[in-house]
There are 2 protein chains.
Amino acid sequence: MAELPPIITLGCDLGGTNVRVAVLDGGGRVHASVKRKLTDRNPAAVARELAEGAREVLESVGAPLSRVEGIGVGTAGQILGSTGMVLVGPNLGWRDVPFGDLLARELGRPVRVVNDLSAAAWGEASVGGARGERNVVLVFVGSGVGSGLILGGKLYEGAGGLAGEFGHVKVVPGGRPCGCGERGCLEAYVGGHNIARRIRELEAGGAAKAILKAAGGDPTRIGGSALEIAAEEGDPEAVALRDEMAQMLGVAVGNLVTVLNPSRLILGGGVLTGMPGLKRRTVEWVRRAGQPAHVRQLTIIDAELGDDSGIVGAGLLGLAATPGV
Amino acid sequence: MAELPPIITLGCDLGGTNVRVAVLDGGGRVHASVKRKLTDRNPAAVARELAEGAREVLESVGAPLSRVEGIGVGTAGQILGSTGMVLVGPNLGWRDVPFGDLLARELGRPVRVVNDLSAAAWGEASVGGARGERNVVLVFVGSGVGSGLILGGKLYEGAGGLAGEFGHVKVVPGGRPCGCGERGCLEAYVGGHNIARRIRELEAGGAAKAILKAAGGDPTRIGGSALEIAAEEGDPEAVALRDEMAQMLGVAVGNLVTVLNPSRLILGGGVLTGMPGLKRRTVEWVRRAGQPAHVRQLTIIDAELGDDSGIVGAGLLGLAATPGV
């Protein structure tokens, strides 16, 4: 067994169906990780499952729990500052769950809970593609759309832990309904679920034939991938829809660049990584819509840590939260 | 003569035609101020004029220059961090002017130069309507449109001093030309000069009769005030134009609230203070477009220090920049 690093921290990614726990060293390197299915979304049950995962992964590297110097959990939703209180956890159906306390009780040490994209931004700004940068904007487009903000060298969470809700900026006032209950949100147009929904609406109206064909003729397989294939093949309808998405997303991101003047913009998430043509056009719109001076100061990059950005950031934030470290 | 306060700092507002210099105490109270016309926009001449103003106002309160513990200058444009370098000063036609150094040489002490709306935000967050708040967004709509951001208790200037350029977020991609050289900027629709320009365009096309009448029939007096009068009188054209402006501005500000989650939003500037109907509708759109949870955490206020926000903020920032204070 390899020698244990001098500092061990646990990074956790708490999703709606799985939890992943990793052992990291103080430099954010992943030494081992485990993934466990969540069979019960009850907060206490989730805390127990995550604690089990922590014990399992620690055992796999031969480290006792007493060696752990930090624990950080990233999860989608609204977290109240550094209190560990999950105000809204959409994937778990949680409201006002003191998850940090629940997990701290299971593991006998303090736990930092943080929004998953804030964690990803922190991971990338600490040891990933934006390391050393003090002003970093991370935008992820997956089934949902969100952002993480590192401003002035610090994780920016806003007055009530709600900062970075980029998926819910309004791009079409009064427009399509969004899962959040509002209308016209960016996520209602470019989030993965909503891309599929929009295409199925077109298909139900007798359109989107080329996209349906790209989905193997199976309406249930319609989504971003089929859209990308049909657009790359030049289908005018697919091209128009993808261009509209790229413009909405790119202008919104460009506006963020104009207001926040970051040095790094990280673009990621399943929709963007799965639709390179959409991503390319989005980047073009960011450069066109952002103010020229701001764009000149900006480097646009991928998440260098890939799927580990969040888990690494959570672990490093957990470390920072532990007194005396 | 009143007793001098224990700490004296100078706050300066450097505009395109005037410079104003005020003597402040450490609590940001204005003890005296002078205004001088700029006859020459040459940077060295402006520095001399401002230094003259400083000596004049100090003399008026019987304070020697040696008593001054800080000097801060707020001016429109892009300032490079705390270097005192004015990268772009649109009102003065400046590019890459080391104004902080020029003025420091005139007065024999360090000078902090800062964007005027950053200064205003700092003034309001320090001793104005947002005092004690750590996350404050200030949006001013005058002839230009801009913002100042206090994030996490600090003045936020971005990676290259360009943060807060809110007037240049794109609201209509490819839309009306803006003074900045780009198209579709918010300022091209709601900035004071552009309001007048849009109405004159309508008038030249034979429309905007009620707005022209509200301007006393004088096309050169067409502007926001005439628009407000005609809209209040129910002229459908004026109402539609004002509503469109309120929506554009309110949605853009609401999106800023959704991303930054501030506890205070300060709305000010000549256009908004001169058009209360526009302001009321803009606030309605901010509340409608911002995410509900963010809006619940938000208080929308006026600039409590009025026209002094910038000069007070600049003076207090100047104080903070002086070593040992």
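Everything numeric in this text was worked out from a predicted model, so none of it was measured. (Residues numbered from 1 in each chain as written. Chains lettered and ligands numbered in written order. Predicted model: local features only at pLDDT ≥ 70, side-chain atom pairs only at ≥ 80, totals over all residues. Heavy atoms only, no water.)

Peer 1: Even after reading the chapter, I still don't get the relation of the copies chain A and chain B, so can you show me in this structure?
Peer 2: One copy of the chain maps onto the second through a rotation about an axis and a displacement along it. Once turned by 180° and shifted 0.0 Å along the axis, chain A lies on chain B with an RMSD of 0.1 Å. Here the transformation between the copies is reduced to the relation of a two-fold axis. Taken together, the interface assignments show that 100% of the residues at the interface of chain A recur at the interface of chain B, consistent with an identical surface on both copies. (Least-squares fit on C-alpha atoms with pLDDT ≥ 70 in both. Contact = heavy atoms within 4.5 Å.)

Peer 1: What am I meant to see in the sheet that holds strand E5 (residues 78-80) of chain B here?
Peer 2: Strand pairing in a sheet relies on backbone hydrogen bonds, with the paired strands running either antiparallel or parallel. Residues and elements named next belong to chain B. Sheet architecture is open: three strands sit in the order E5-E6-E7, paired in antiparallel fashion. Either end of the sheet is taken by a strand with one partner, and the two such strands are E5 and strand E7 (94-97). Mean inter-strand twist for the sheet, computed between neighbouring axes without regard to direction, equals 15°. Where E5 lies against strand E6 (residues 85-89), three bridges are found, and the strand directions are antiparallel. Each residue of the ladder has a partner; that of Ile79, found in E6, is Val86. (Pairing = 2+ DSSP bridges. Helix = DSSP H or I, 4+ residues; strand = E, 2+ residues; numbered from the N terminus. Axes fitted to C-alpha atoms, helices over the stretch in contact; angles between N-to-C directions.)

Peer 1: Would you take a moment to explain the nonpolar core for this structure?
Peer 2: In summary, soluble globular proteins display a tendency toward joint burial of nonpolar side chains. Judged by nonpolar contacts, the single largest core of 104 residues is most densely connected at Phe166 and Leu260 of chain A together with Phe166 and Leu260 of chain B. Once you skip the residues sitting within four places of it in the chain, Leu260 of chain B turns out to touch Leu149, Tyr156, Gly158, Ala163 and Leu260 of chain A together with Val137, Leu149 and Leu151 of chain B. (Core = buried A, V, L, I, M, F, W, Y, C linked by side-chain atoms within 4.5 Å. Buried < 20%, exposed > 50% of the residue type's maximum accessible area, 1.4 Å probe, protein only.)

Peer 1: How should the confidence of the model for chain A be read in this particular structure?
Peer 2: A low pLDDT means the predicted coordinates there should not be read in detail. On average, residues of chain A score 94 in pLDDT, and 98% of them reach the 70 mark or higher. For this predicted complex, the interface score ipTM comes out at 0.95, alongside a pTM of 0.95. (pLDDT = per-residue confidence, 0-100.)

Peer 1: I would appreciate a short explanation of the interface of chain A and chain B in the present structure.
Peer 2: Quoted interface sizes are often the accessible area lost when the parts come together. Taken together, the 41 residues of chain A in the interface contact 41 residues of chain B. Buried surface at the junction of chain A and chain B, both sides included, amounts to about 3,000 Å², of which 59% is carbon and sulfur. It is Tyr156, Lys170 and Val259 of chain A in chain A that bury the most area against chain B; as a group they hold 20% of the surface buried on that side. Linking chain A to chain B there are 24 residue pairs in polar contact (both at pLDDT 80 or more). For the side of chain A that touches chain B, the secondary structure elements donating two or more residues are strand E10 (145-151), helix H8 (236-260), helix H10 (276-289) and helix H11 (292-296) of chain A. For the side of chain A that touches chain B, the element with the highest residue contribution is H8 of chain A, accounting for seven residues. For the side of chain A that touches chain B, a count of residues per class yields 20 nonpolar, 15 polar and six charged. (Buried area = accessible area lost by both parts, 1.4 Å probe. Polar contact = N/O pair within 3.5 Å; in protein donor to acceptor, adjacent residues only side chain to side chain. Nonpolar A, V, L, I, M, F, W, Y, C, P; charged D, E, K, R; others polar.)

Peer 1: Where do I start with the pattern of salt bridges in this structure?
Peer 2: Should their charged atoms come close, side chains of opposite charge can pair. Residue and element names in this part refer to chain A. This structure, assessed with the given rule, holds 29 salt bridges over all chains. Here Glu201 makes a salt bridge to Arg176, at a shortest N to O gap of 2.9 Å. Residue Glu201 is located in helix H5 (residues 192-204), and its partner Arg176 is located in the loop between strand E11 (154-155) and helix H4 (187-190); the two are separated by 25 residues in the primary sequence. Overall, the relative accessible area of 45% leaves Glu201 in the partly exposed class. You can call Arg176 buried: its relative accessible area is 17%. The partner of Lys279 in a salt bridge is Asp302, and the shortest N-O contact between them spans 2.2 Å. One end of the pair, Lys279, is in helix H10; the other, Asp302, is in the loop between strand E13 (299-301) and helix H12 (309-321), and 23 residues separate them in sequence. Residue Asp302 is classed as partly exposed on the basis of its relative accessible area, which comes to 47%. Here the salt bridges share partners, and the residues they tie into one network are Glu228, Glu232, Arg242 and Arg280. (Salt bridge = Lys/Arg side-chain N within 4 Å of Asp/Glu carboxyl O.)

Peer 1: Looking at this structure, I do not really get the sheet that holds strand E8 (residues 112-115) of chain A. What am I missing?
Peer 2: Residue and element names in this part refer to chain A. Read from one edge to the other, the open sheet built from five strands follows the order E3-E2-E1-E4-E8, with strand pairing classed as mixed. This sheet does not close on itself; its edge strands, each paired only once, are strand E3 (30-37) and E8. Between one strand axis and the next, the sheet turns by 20° as a mean value, whatever way the strands run. Across seven bridges, strand E1 (residues 8-14) lies against strand E4 (residues 68-75) in parallel orientation. When the sheet's bridge partners are listed, Leu10 is paired in E4 with Ile71. Each of E1, strand E2 (18-25), E3 and E4 is contacted by helix H1 (residues 43-60), which is oriented at about 145° to E3, the strand it contacts most. In the packing of helix H3 (residues 116-127) onto the sheet, contacts are made with E4 and E8, and the angle to E8 comes to roughly 95°.

Peer 1: What's the story with the side chain of His168 of chain A in this structure? I'm lost.
Peer 2: Considering the arrangement of structural elements, one finds His168 of chain A in the loop between E11 and H4. Classification of His168 of chain A by relative accessible area gives buried; the value is 8%.

Peer 1: Which parts of the structure should I look at to understand the environment of Gly164 of chain A?
Peer 2: Relative to the elements of secondary structure, Gly164 of chain A occurs in the loop between E11 and H4. In the structure, Gly164 of chain A is positioned 47 residues away from Leu117 of chain A in sequence and 8.5 Å away in space, judged by C-alpha atoms. Leave out the neighbours within four places in its chain, and Gly164 of chain A touches Gly146, Ser147 and Leu149 of chain A together with Thr258 and Val259 of chain B.

Peer 1: Help me understand helix H2 (residues 99-107) of chain B in this model?
Peer 2: An α-helix turns once per 3.6 residues; consequently, residues spaced three or four apart project the same way. Residues and elements named next belong to chain B. Turning to H2, its buried residues are Phe99, Gly100, Leu103, Ala104 and Leu107. Seen along its axis, H2 keeps its buried residues to an arc of 130°; they face one direction. A positive backbone phi angle near 70° is found at Gly108, which sits one or two residues after H2. (Arc of directions from axis to C-beta.)

Peer 1: Mind showing me how you'd approach the packing of aromatic side chains here?
Peer 2: In this description, an aromatic ring pair is defined by two values, namely the gap between the centres and the angle between the planes. Residue and element names in this part refer to chain A. All told, the structure shown has two aromatic pairs over all chains when counted by the stated rule. For the ring pair Trp94 and Phe99, a centre distance of 5.2 Å and an interplane angle of 40° mean the geometry is tilted. The same class applies to Trp94 and to Phe99, which are both buried. In this structure, Arg288 is placed above the aromatic ring of Trp285, and the distance from its NZ or CZ to the ring centre is 4.2 Å. (Phe/Tyr/Trp six-rings, centres within 6.5 Å; stacked < 30°, edge-to-face > 60°. Lys NZ or Arg CZ within 6 Å of the ring centre and 35° of its normal.)

Peer 1: So what exactly am I meant to see when it comes to the pairing of strand E10 (residues 145-151) of chain B here?
Peer 2: It is a general feature of regular strands that their side chains alternate between the two faces of the sheet. Residue and element names in this part refer to chain B. Among the seven residues that make up E10, seven are buried, leaving the element largely enclosed by the rest of the structure. In E10, alternate side chains face the same way, and those of Val145, Ser147, Leu149 and Leu151 on one face and Gly146, Gly148 and Ile150 on the other are all buried. Pairing of strand E9 (residues 136-141) with E10, which is carried by six bridges, proceeds in the antiparallel orientation. In the sheet register, Phe140 faces E10, and the bridge partner there is Gly146. Looking at chain direction, E10 and strand E11 (residues 154-155) are connected through two bridges and run antiparallel. Looking at E11, one finds that Ile150 is bridged to Leu155. Between E10 and the antiparallel strand that follows it, E11, lie two residues; Gly152 among them carries a positive phi value of about 60°.

Peer 1: Sorry if this is basic, but what is going on with H5 of chain A here?
Peer 2: All names here are of chain A. Look at H5: 19 Å from first C-alpha to last across 13 residues, which is about the 18 Å you get at 1.5 Å a residue. At its buried positions, H5 is contacted by H4, helix H6 (209-214), helix H7 (224-232), H8 and helix H9 (270-274). Looking one or two residues beyond H5, the residue adopting positive phi is Gly206, at roughly 90°. (Expected span 1.5 Å × (residues − 1).)

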